[in-house]
Amino acid sequence: MTEFQTSPIAQLPVIGEAVHQSYPTATLYIVATPIGNVTDITVRALHVLSLVDAVACEDTRNTGNLLTRFGLSRPMIAAHQHNEREVADKLIARLQAGERIALVSDAGTPGVSDPGARIVDAVRAAGLRVVPLPGASAAVTALSASGLVNDQFYFVGFLPAKAKQRETALQKLLTVGATMVFYEAPHRILDCVEALAGVFEPARQVVFARELTKLFEEIHRCPLSEALAWVKADPHREKGEYVVLLEGARAEGDAEEAEAERILNILLAECSVKQAANLTAQITGRKKNALYDRALEIKGQQD
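Model, not experiment: these values are computed from the prediction.

## Focus: the overall build of the protein
Within the protein, the regular secondary structure consists of 12 helices and 10 strands. The globule rule puts the C-alpha radius of gyration for 303 residues at 19 Å, and the 25 Å found for the protein is more than 25% above it. If one aligns the C-alpha atoms of the protein with their principal axes, the spans along those axes are about 80 × 50 × 35 Å. Residues counted as buried form 41% of the 303 residues belonging to the protein. Taking as baseline every contact in the protein between residues at least 6 positions apart, the subset at least 24 positions apart corresponds to 68%. Taking the 31 positively charged and 37 negatively charged side chains of the protein as two groups, their mean positions are separated by 3 Å.

So this is what it looks like as structure tokens:
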């Protein structure tokens, strides 16, 4: 008997509830699959994958390996970005015949920077039922560990591969106040960081979430001004899939305060507390006494 089989979790009646829930026929099930760690799959997802008539998947080899690891074997239908519209018609015909079909991508949630949205759109337009099974999502996983305090996020996904198009896309995001979420491939991470640094203020916080849930997972947060040096510091950082989170634009008052803080820090490296506060007040127009008190705090943190 394995350690899991003897654990309190395995013995909970709730584990068996998946079998007794309703799974209607003539339904497309959107099933999120692990983004790295295979044990992140849900109990409900496993049960649905065990009972559907077929699995529509981005890559039959990847999905076949996943099913095999859980002792499952189901007929598979290739459904990727190049054949979504064509496959949608076939899936609709099978659903109309009363089948249950699961839709999965290689990793994460179908339709979120992965194939699937066109199929779901077509199935809904045909008046058929779509049931989502929540699970792994790289964007939400990265956000939860970022520490970026913001009740909004703006999902960008992959930036254009060409430099000019990438810059144009980023310029349009300059005033977005929400935390921005980018996906990036390892061979383009340096280009991505250079583009971000060329458009956004250097003081903005950026979070790199690399190889999430995998053996070499790495999550790093720093000012954008330090981002390129961090990526270049280790050649392994140009490997693995990335989620890049960028702090949103601050409100006007916050932006002015951040700029005063930046200037104060620069001057403190060269001047006394009093001189730094006086010069910052002259440059920014902010109150000298408040800047002096803040300068003392910064000095105290450095000592």
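## Let's talk about empty space enclosed by the protein
This model, assessed by the stated rule, comprises one cavity of 30 Å³ or more. Empty space within the largest cavity amounts to approximately 30 Å³. For the largest cavity, the full set of lining residues is C57, E58, A79, L103, V104, S105, P115, G116 and I119. For the lining of the largest cavity, the per-class residue count stands at six nonpolar, two polar and one charged.

## Quick notes on helix α2 (residues 43-51)
If you check which residues of α2 are buried, you get A45, H47, V48 and L49. Residues of α2 that are buried sit in contact with α1 (17-20), β1 (27-31), β2 (54-57), α3 (60-69), β4 (100-104) and β5 (129-133).

## With respect to the environment of I35
As for its placement among the helices and strands, I35 is situated in the loop between β1 and α2. I35 sits 72 residues away from A107 along the chain, and the two C-alpha atoms are 4.7 Å apart. Among all residues touching I35, those that are not within four sequence positions of it are A107, G108, A136, A138, T141, L212, T213 and K214.

## Details of the pairing of strand β10 (residues 242-246)
β10 sits mainly inside the fold: five of its five residues count as buried. Burial of β10 is two-sided: the residues Y242, V244 and L246 facing one way and the residues V243 and L245 facing the other way are all buried. Relative to β10, strand β7 (residues 179-184) runs antiparallel, the two sharing five bridges. Within β10, the residue paired with M180 across the bridge is L246. As defined by bridge partners, strand β8 (residues 205-210) adjoins β10 across five bridges and the pair is classed as antiparallel. Within the sheet, the bridge partner assigned to R210 lies in β10 and is Y242.

## What to know about the packing of helix α7 (residues 163-171) against helix α8 (residues 189-199)
Following both chains from N to C, one finds α7 and α8 inclined at 45°, their axes separated by 10 Å at the closest point. With respect to their mutual orientation, α7 and α8 come out oblique. In terms of crossing hand, the pair formed by α7 and α8 is right-handed. The residues of α8 that touch α7, namely those facing R166, E167, L170 and Q171, are D191, A195, L196 and V199. The residue inventory of the contact of α7 with α8, partitioned by class, reads four nonpolar, one polar and three charged.

## Comments concerning the packing of aromatic side chains
The final tally for this structure, using the stated rule, is four aromatic pairs. Measuring from ring centre to ring centre gives 5.2 Å for F155 and Y183, while their planes differ by 80°; the resulting arrangement is edge-to-face. Of this pair, F155 sits in strand β6 (residues 153-158) while Y183 sits in strand β7, and the two are 28 residues apart along the sequence. With a centroid separation of 6.1 Å and an interplanar angle of 80°, the aromatic rings of F208 and Y242 are classed as edge-to-face. Here Y242 lies in strand β10 and F208 lies in strand β8, a separation of 34 residues in the sequence. Pair check on accessibility: F208 and Y242 agree, each one buried. Counting every residue linked through ring pairs, the aromatic cluster contains F155, F158 and Y183.

## Observations concerning the environment of T168
By the element assignment, T168 lies in helix α7. For T168, a relative accessible area of 38% corresponds to the partly exposed category. Sequence separation between T168 and V199 is 31 residues; the distance between their C-alpha atoms is 9.6 Å.

## Some remarks on the UniProt feature "domain: Tetrapyrrole methylase" (unreviewed entry) in the protein
What UniProt calls "domain: Tetrapyrrole methylase" (unreviewed entry) maps, in this numbering, to residues 27-227. Between the C-alpha atoms that bound residues 27-227 the distance is 46 Å, and the span itself is 35% helix and 23% strand.

## Some words on the sheet that holds strand β3 (residues 76-78)
Sheets are built from strands that pair by backbone hydrogen bonding, the pairs being arranged parallel or antiparallel. Across the sheet, five strands lie side by side as β3-β2-β4-β1-β5; this open sheet has parallel pairing. Each edge of the sheet is formed by a strand with only one pairing partner; in this case those strands are β3 and β5. Between one strand axis and the next, the sheet turns through 25° on average, direction left out of account. One ladder, built from four bridges, connects β1 with β4; its direction is parallel. Paired with I30 across the two strands is L103, which belongs to β4. Each of β1, β2, β3 and β4 touches helix α4 (residues 84-96); the most contacted strand, β3, lies at about 150° to it.

The rules behind these values
Residues numbered from 1 in each chain as written. Predicted model: local features only at pLDDT ≥ 70, side-chain atom pairs only at ≥ 80, totals over all residues. Heavy atoms only, no water. Helix = DSSP H or I, 4+ residues; strand = E, 2+ residues; numbered from the N terminus. Rg over C-alpha atoms; globule rule 2.2 N^0.38 Å. Buried < 20%, exposed > 50% of the residue type's maximum accessible area, 1.4 Å probe, protein only. Contact = heavy atoms within 4.5 Å. Lys, Arg positive; Asp, Glu negative; His and termini not counted. Charge placed at Lys NZ, Arg CZ, Asp CG, Glu CD. 1 Å grid on protein atoms, 1.4 Å probe; cavity = no way out; pocket = protein on both sides within 12 Å on 5 of 7 lines; lining within 4 Å. Points joined across faces, edges and corners; volume = space filled by probe spheres on them. Nonpolar A, V, L, I, M, F, W, Y, C, P; charged D, E, K, R; others polar. Pairing = 2+ DSSP bridges. Axes fitted to C-alpha atoms, helices over the stretch in contact; angles between N-to-C directions. Parallel < 35°, antiparallel > 145°, perpendicular 65-115°, else oblique. Left-handed = near helix turned anticlockwise from the far one by under 90°. Phe/Tyr/Trp six-rings, centres within 6.5 Å; stacked < 30°, edge-to-face > 60°. UniProt positions renumbered as here; feature names shortened; annotations may be inferred.

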